[in-house]
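A closer look at the structure
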Amino acid sequence: AQISAYLLERTLRVAQKADVFAEVIVGSRDPAALQLASTLGARALAEVGDDLNPAVTQACQNAQKNGAISALVLPADLPLLTAADLHQLCAAADLPAATVITPSRDGGTNALLLPLPAPFAFAYGSGSFLGVLQESFPGGAPDESGPRLITSKVNSRDDIYDSLKTFFTAGR
């Protein structure tokens, strides 16, 4: 729980430092995560349901209802994320209706910047990167599908070890 809180706090601070978002929303079923998000200035959104895809749909619909025209879906378990990564990701969306996606090492999706309403149904999980590419670019994906820097995620034992090294190096 302490590592999850550290990663969430770190991700929120990186988003704040990037200073490119009108609002940051944290969707979670975990009351501690929602409290931390609120404390750090994000809007806490209690998830309904118990699956990631409906939760992302809920958050995007909520953001749109509150005036957002696009959303960046970003997990908190990206220990190497930087404000420069977020700037690069946003700069890659050169059109208001652009979809920008970054893959995870396992073929999933680490970051997804999309117009609202979402132009496709969310299907996070193994292979989601290719699924989003096929939904977003029916005629074939462009050569660059987004920044490749946001690819390190906590999924494996090695990822956990690397995060622990970062965690303890940071003096936590």
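Now for a look at the structure at hand. Just so you know, these numbers come straight off a predicted model, no measurement behind them.

A tally of helices and strands in the protein chain yields 6 helices and 5 strands. Looking at the protein chain alone, contacts between residues at least 24 apart form 57% of all its contacts between residues at least 6 apart. Carbon and sulfur atoms provide 54% of the accessible area of the protein chain, an area that totals close to 9700 Å².

Moving on, we come to helix α3 (residues 52–65). With 14 residues, α3 should cover 20 Å at 1.5 Å per step; its first-to-last C-alpha distance of 20 Å lies within 8% of that length. Listed in full, the buried residues belonging to α3 are Asn53, Ala55, Val56, Gln58, Cys60, Asn62 and Ala63. Residues of α3 that are buried make contact with β1 (25–28), β2 (43–46) and β3 (70–73). Remark: Gly67 follows α3 within two positions and exhibits a positive phi of approximately 100°.

Here the focus is unusual backbone geometry. With an omega of 0°, the peptide bond running from Leu116 to Pro117 counts as cis. Of note, Asp19 is a non-glycine position whose phi angle comes to about 55°, a positive value. Residue position: Asp19 is located in the loop between α1 (2–18) and β1.

Before going further, it helps to examine the packing of aromatic side chains. What describes a pair of aromatic rings is the distance from one ring centre to the other and the angle between the planes of the rings. If you walk through the whole model with that rule in mind, you get 2 aromatic pairs. Measuring from centroid to centroid gives 6.0 Å for Phe120 and Phe122, while their planes differ by 75°, and the two rings are edge-to-face. Residue classification places Phe120 among the buried residues on the basis of a relative accessible area of 7%. Taking 6.3 Å as the distance between ring centres and 20° as the angle between the ring planes, the aromatic pair formed by Phe122 and Tyr124 counts as stacked. For Phe122, a relative accessible area of 11% corresponds to the buried category. Given a relative accessible area of 18%, Tyr124 falls into the buried group.

Take helix α4 (residues 83–92) next. The complete set of buried residues in α4 reads Ala83, Asp85, Leu86 and Leu89. Across the axial projection of α4, the buried residues extend over an arc of 155°, all falling on one side. Exposed side of α4, more than 90 degrees from the buried face: Ala84 and Ala91 are the residues found there. Structurally, α4 contributes buried residues whose contacts are with α1, β3, β4 (100–103) and β5 (109–115).

Rules used in this analysis
- Residues numbered from 1 in each chain as written.
- Predicted model: local features only at pLDDT ≥ 70, side-chain atom pairs only at ≥ 80, totals over all residues.
- Heavy atoms only, no water.
- Helix = DSSP H or I, 4+ residues; strand = E, 2+ residues; numbered from the N terminus.
- Contact = heavy atoms within 4.5 Å.
- Areas by Shrake-Rupley, 256 points an atom, 1.4 Å probe, with all protein chains shown as cover.
- Expected span 1.5 Å × (residues − 1).
- Buried < 20%, exposed > 50% of the residue type's maximum accessible area, 1.4 Å probe, protein only.
- Phe/Tyr/Trp six-rings, centres within 6.5 Å; stacked < 30°, edge-to-face > 60°.
- Arc of directions from axis to C-beta.

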